[in-house]
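So you can see what is in the structure, the chains are spelled out below.
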Amino acid sequence: QVQLVESGGGLVQAGGSLMLSCAASGRTFSDYAMGWFRQAPGKEREFVAAISGSGVATQYANSVKGRFTIARDNAKNTVYLQMNSLKPEDTAVYYCAAPYGRRWPPSYNEYIYWGQGTQVTVSS
């Protein structure tokens with residue numbers, strides 16, 4: 001069973017930075033892409049970023065491109081989301097997710113393993 005545990009959320013002022021981490025267990029980490037999603041109050045969960053198993057390929061939502069960076073350390077079974085130049089509209093619960101298959105890039109419906117989420121609040 002795949003388990004994902006996020007950490008690193010918190011409260012930050014607009015323009016500040018945070019780094020989220022997600023520790024994975026339960027299968028060969030480097031064989032699978034990983035993704036970050038977020039859900040703001042009253043809104044649907046949305047894609048933020050994804051990274052291939054090797055770490056060579058990445059994808060970003062337009063809203064975070066140039067401000068957020070996804071990375072992974074396969075030796076530590078951990079994926080990261082570095083968030084810079086944070087805006088109040090980035091406030092959300094952030095979720096780490098993993099797909100069931102090895103296709104790149106995974107579609108939203110292929111993400112079946114989810115972490116518990118970590119709150120990120122950006123004050124203006």
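For the structure itself, look to the data block above.
Source: prediction; values computed, not measured. (Residues numbered from 1 in each chain as written. Predicted model: local features only at pLDDT ≥ 70, side-chain atom pairs only at ≥ 80, totals over all residues. Heavy atoms only, no water.)

Draft legend 1. Main features of the overall build of the chain. A count of helices and strands for the chain gives zero helices and eleven strands. Order of helices (α) and strands (β) in the chain, N terminus to C terminus: β-β-β-β-β-β-β-β-β-β-β. Taking 2.2 N^0.38 as the reference for a compact globule, 124 residues should give roughly 14 Å; the C-alpha atoms of the chain span a radius of gyration of 13 Å, in line with that estimate. By its C-alpha atoms, the chain is 40 × 30 × 25 Å across when sized along the principal axes. (Helix = DSSP H or I, 4+ residues; strand = E, 2+ residues; numbered from the N terminus. Rg over C-alpha atoms; globule rule 2.2 N^0.38 Å.)

Draft legend 2. Examining the sheet that holds strand β1 (residues 3-7) more closely. Read across the sheet, four strands follow the order β1-β3-β8-β7 without closing on themselves; strand pairing throughout is antiparallel. Two strands close off the open sheet at either side, each with one partner strand: β1 and β7 (68-73). For this sheet, the mean inter-axis angle between neighbouring strands, taken without regard to orientation, is 15°. Note that β1 and strand β3 (residues 18-25) share five bridges and pair antiparallel. In the strand pairing of β3, Gln3 is matched with Ser25. (Pairing = 2+ DSSP bridges. Axes fitted to C-alpha atoms, helices over the stretch in contact; angles between N-to-C directions.)

Draft legend 3. Expanded view of the pattern of salt bridges. Enumeration according to the criterion identifies five salt bridges in this entry. For Glu46, the salt bridge identified is with Arg38, shortest N-O distance 2.6 Å. For Arg38, a relative accessible area of 6% corresponds to the buried category. (Salt bridge = Lys/Arg side-chain N within 4 Å of Asp/Glu carboxyl O. Buried < 20%, exposed > 50% of the residue type's maximum accessible area, 1.4 Å probe, protein only.)

Draft legend 4. Region of interest: the state of the cysteines. Scanning the model with the defined rule gives one disulfide in all. What pairs with Cys22 in a disulfide is Cys96, and their sulfur atoms sit 2.1 Å apart. Taking the torsion about the sulfur-sulfur bond, which here is approximately -75°, the covalent link between Cys22 and Cys96 counts as left-handed. Of this pair, Cys22 sits in strand β3 while Cys96 sits in strand β9 (residues 92-99); the two residues are 74 residues apart in sequence, bridging distant segments of the chain. Just as Cys22 is buried, Cys96 falls in that class too. (Disulfide = S-S within 2.5 Å.)

Draft legend 5. Quick peek at the nonpolar core. Grouped together as the largest cluster of nonpolar side chains are 28 residues, with contacts concentrated most on Met34, Trp36, Val79, Leu81, Met83 and Tyr94. Elements represented by at least two residues in this core include exactly β3, β4 (34-39), β5 (46-51), β7, β8 (78-83), β9 and β11 (118-123). (Core = buried A, V, L, I, M, F, W, Y, C linked by side-chain atoms within 4.5 Å.)

Draft legend 6. Region of interest: the environment of Phe37. Its location among the elements puts Phe37 in strand β4. Expressed as a C-alpha distance, the spacing of Phe37 and Lys87, which sit 50 residues apart in the sequence, is 16 Å.

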